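# Architecture and fold: a report
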Amino acid sequence: MDFNEFRNFGKGAIELLIRYLQNIRERDVLSSAAPFSLIHTLPNEMPERAENWQDILNDIETFLLPALTHWQSPNFHGFYPSSSSMGSIVGELLIAGIGVLGFNWGCSPACTELEMIVLDWLVKFLKLPQHFQHSVEGPGGGVILGSASEAVLIAVISAREHMVRCTKTKHPERNERDIRAKLIAYASDQSNSCIEKAGKLAALPFNLLPTKNDFRLHAEQLEAAIKNDLSKGLIPAMCVATLGTTSTCAYDDIQTLSLICQRYKIWMHVDAAYAGAALALDEYHHLHSGLNIIDSLNINLHKLLMVNYGCAVMWVKESQKLVETFLVQRLYLQNNNNMNNNELPDFRNWQISLGRRFSALKVWITFRSVGAEGLRRHLRQHIKLSKQFERHVLADKRFELVTKRTLGIVCFRVRGDNELTTQLLQRIHDKKQIYLTLSMHGEMMLLRFVICGMDTKEEDVDFAWAVIQTELMEMLKPQREWRAIKFHCQNRKRNK
Ligand SMILES: *Cc1c(COP(=O)(O)O)cnc(C)c1O
């Protein structure tokens, strides 16, 4: 391919994206593709000869787009928003085109320094504690990772190693293997699956403490668990609290939990993958309490902050704890010039992989092309639309809210047996027009309605509600008819 062809290929691809995104409402949000349909349709051998770009783009439109669940559709209300924006899409293209890796400062100075710049922008935008800024004196700082799961794993491993080092210093007579076998960590039973998974990967078991009706983890519970485990000879190493749980977007009590962690000298991490973005809004000021004493925090930019998937941020108060955990020296990994000094981080020591993307570029482009004002407007739009949906639920006696609406998430159900709620969702999904996810709290089945998509509007929320109401009506119709028949028969019997 030469540059001229590249130019046309690129333009063709952008045109395809515009057609796709502009007309996305015309497609069912769920695909009608049968299992294996693509596997049976597309060639199972790589082409021997280069194909032309027009054919490739045509095949995307013909075969791939119809076999997608359309996450950017305004009728997608499942899981979480997987945000995107035009600036971010272009950023992704430029990252691939420039094609650098930035594991050390010297690999690509702009990779490291732009990352430090955008992360400090974010600390100020989200009004996080100053010590998380790279430019403020001290060991704190942030790093861009691929996902919340990665951030949590890094925090868990660092907390584990830190606790092993501390225990060995305090009790040099103790055997290290024995120390490791006694470590224990805490989170709530509402925490995301990635917490438990990180525990498995890091061989640091999590005690998932049961939450009560408010779905939140409280200090008394954590302290009781710590005391109990200490009395059994275990070594509490960490607590992962959640700001915005996955099922219902509940907020753990960060303020009091972090005080307990401080008292028992255990690592406190906050998983704020979705809700962390709300820290930017004055009306969510209360969410800040306690964040000044935590050890680390993660927020996904790819959920609410308009950067496309594969962009999560983690901040740590003492970055040397990551470096102490992850540093492995090799001659070929040394910075290849004399200019770097120890004041600039080598981000390879803050993460799992060696190589790393120039993700800061798409963050920088997104934030510049939207502006802080645009980001706040986007967040408030999600909140406004979910309030609109909440009003629909409240106005219909056949439904009930399961929890208070938070941010862009409404948890609701059909009054009565769980069966009604699961049946309703099945019917909705069979129609393929809107997509919601099921969750459970205690014994209660619930539907999560989340504002997602790149450009969801009021009409889209009304449309979703109309689909839900229609399906409920259809579902109850046979029951109603059956009841009418029964009534009729009973009357006839009686009249005889
Ligand atoms: C979405 C979410 C995760 C998982 O995020 P990934 O980036 O997909 O790993 C973890 N925790 C919470 C609270 C979330 O909302």
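All values reported here derive from a predicted model rather than from experimental measurement.

A few words now on the overall build of the chain. Along the backbone of the chain there are 15 helices and twelve strands. Relative to a compact globule of 496 residues, whose C-alpha radius of gyration would be 23 Å, the chain shows 26 Å and is just as compact. Taking the principal axes of the C-alpha coordinates as reference, the chain spans close to 100 × 70 × 45 Å. The proportion of buried residues among the 496 residues of the chain is 50%. Long-range contacts, defined here as pairs at least 24 residues apart, represent 73% of the contacts in the chain between residues at least 6 apart. Just so you have it, the chain exposes about 24900 Å², and 55% of that area is on carbon and sulfur atoms. On the chain, the mean spot of the 58 positive side-chain charges and the mean spot of the 53 negative ones are 6 Å from each other.

Attention now goes to the domain arrangement of the chain. Domain annotation of the chain identifies domain 1 (3-68), domain 2 (100-357) and domain 3 (373-493). The straight-line distance from the C-alpha centre of domain 1 to that of domain 3 is 33 Å. Facing seven residues of domain 1, the contacting portion of domain 3 comprises ten residues. Taking both sides of the interface into account, the surface hidden between domain 1 and domain 3 amounts to around 630 Å²; carbon and sulfur atoms contribute 58%. Considering only the side of domain 1, the residues that lose the most area to domain 3 are Arg25, Val29 and Leu30, jointly responsible for 69% of the buried surface there. Our enumeration of links across domain 1 and domain 3 arrives at one salt bridge. Arg25 is the salt-bridge partner of Asp460, the closest N and O atoms lying 2.8 Å from each other. Our count for the domain 1 to domain 3 interface comes out at four residue pairs in polar contact (both at pLDDT 80 or more). For the side of domain 1 that touches domain 3, the residue count by class is three nonpolar, two polar and two charged.

So, on to the sheet that holds strand S1 (residues 76-77). Judged by pairing direction, the sheet is mixed, and its five strands sit side by side in the order S1-S11-S12-S10-S9 without closing on themselves. This sheet does not close on itself; its edge strands, each paired only once, are S1 and strand S9 (399-401). Relative to strand S10 (residues 409-414), S9 runs antiparallel, the two being bridged by three bridges. Paired with Phe399 across the bridge in S10 is Val414. Each of S9, S10 and strand S12 (444-450) touches helix H13 (residues 359-394); the most contacted strand, S10, lies at about 20° to it.

Core analysis: the largest hydrophobic core is formed by 109 residues, its most contacted members being Leu122, Met238 and Trp315. Both domain 2 (100-357) and domain 3 (373-493) contribute no fewer than three residues apiece to this core. In contact with Leu122, not counting residues within four places along its chain, are Leu301, Leu305, Val313, Trp315 and Phe367. Core analysis: the next-biggest nonpolar cluster, separate from the first, contains 24 residues, Leu385, Val410, Ile428 and Leu447 among them.

Moving on, we come to a nonpolar patch on the surface. On the surface, a cluster of nonpolar side chains totalling about 320 Å² of accessible area is made up of Ile14, Leu17, Ile18 and Leu93. Here the element with the most residues in the nonpolar patch is helix H1 (residues 3-22); it accounts for three residues. According to the relative accessible area criterion, Leu17 is partly exposed, its value standing at 32%.

A word on H13. Look at H13: only 42 Å from first C-alpha to last across 36 residues, short of the 52 Å you get at 1.5 Å a residue. The sharpest bend along H13 reaches about 85° and sits at Gly371.

Before going further, it helps to examine the sheet that holds strand S6 (residues 267-271). Two strands in a sheet stick together by hydrogen bonds in their backbones, pointing the same way (parallel) or opposite ways (antiparallel). Taken in spatial order, the seven strands of this open sheet run S2-S8-S7-S6-S5-S3-S4, and their pairing is mixed. Of all the strands in the sheet, just strand S2 (141-145) and strand S4 (206-209) have a single pairing partner and so form its edges. The sheet shows a mean angle of 20° between the axes of neighbouring strands, direction not considered. Summarising the sheet, strand S5 (residues 235-242) and S6 pair through five bridges and their orientation is parallel. Note that in S6 the partner of Cys239 across the bridge is Met268. Running over the sheet, helix H8 (residues 193-201) touches strand S3 (183-188), S4, S5 and S6 and is turned about 160° from S4.

Here we come to the site of the ligand. Surveying the vicinity of the ligand reveals 15 residues, the closest of which are Ala148, Ser149, Asp271, Asn300 and Lys303. Its free accessible area being 390 Å², the ligand has 87% of it covered by the protein chains. Mapped onto the shell around the ligand, the elements with two or more residues apiece are helix H6 (148-170) and helix H11 (301-304). Split into classes, the residues belonging to the shell around the ligand amount to five nonpolar, eight polar and two charged.

The geometry of two aromatic rings is summed up by the distance between their centres and the angle between their planes. Here the structure, examined in full by the defined rule, presents 13 aromatic pairs. Measuring from ring centre to ring centre gives 5.9 Å for Phe9 and Trp53, while their planes differ by 20°; the resulting arrangement is stacked. You can see Phe9 sitting in helix H1 and its partner Trp53 sitting in helix H3 (residues 53-64), a full 44 residues away along the chain. An aromatic cluster of three or more residues is present, and its members are Phe389, Phe399, Phe412, Phe449 and Trp465. Seen from the ring of Tyr80, Lys303 lies directly overhead, with NZ or CZ sitting 4.2 Å from the centre. Here the basic side chain of Arg368 rests over the ring of Trp364, its NZ or CZ set 4.6 Å away from the ring centre.

Parameters and conventions
- Residues numbered from 1 in each chain as written.
- Predicted model: local features only at pLDDT ≥ 70, side-chain atom pairs only at ≥ 80, totals over all residues.
- Heavy atoms only, no water.
- Helix = DSSP H or I, 4+ residues; strand = E, 2+ residues; numbered from the N terminus.
- Rg over C-alpha atoms; globule rule 2.2 N^0.38 Å.
- Buried < 20%, exposed > 50% of the residue type's maximum accessible area, 1.4 Å probe, protein only.
- Contact = heavy atoms within 4.5 Å.
- Areas by Shrake-Rupley, 256 points an atom, 1.4 Å probe, with all protein chains shown as cover.
- Lys, Arg positive; Asp, Glu negative; His and termini not counted.
- Charge placed at Lys NZ, Arg CZ, Asp CG, Glu CD.
- Domains from an automatic or database assignment.
- Buried area = accessible area lost by both parts, 1.4 Å probe.
- Salt bridge = Lys/Arg side-chain N within 4 Å of Asp/Glu carboxyl O.
- Polar contact = N/O pair within 3.5 Å; in protein donor to acceptor, adjacent residues only side chain to side chain.
- Nonpolar A, V, L, I, M, F, W, Y, C, P; charged D, E, K, R; others polar.
- Pairing = 2+ DSSP bridges.
- Axes fitted to C-alpha atoms, helices over the stretch in contact; angles between N-to-C directions.
- Core = buried A, V, L, I, M, F, W, Y, C linked by side-chain atoms within 4.5 Å.
- Patch = residues over 30% accessible without salt bridge, like charges linked within 9 Å, V, L, I, M, F, W, Y side chains within 5 Å.
- Expected span 1.5 Å × (residues − 1).
- Bend = angle between axes of the 7 residues up to and from the residue.
- Near = heavy atom within 4 Å.
- Phe/Tyr/Trp six-rings, centres within 6.5 Å; stacked < 30°, edge-to-face > 60°.
- Lys NZ or Arg CZ within 6 Å of the ring centre and 35° of its normal.

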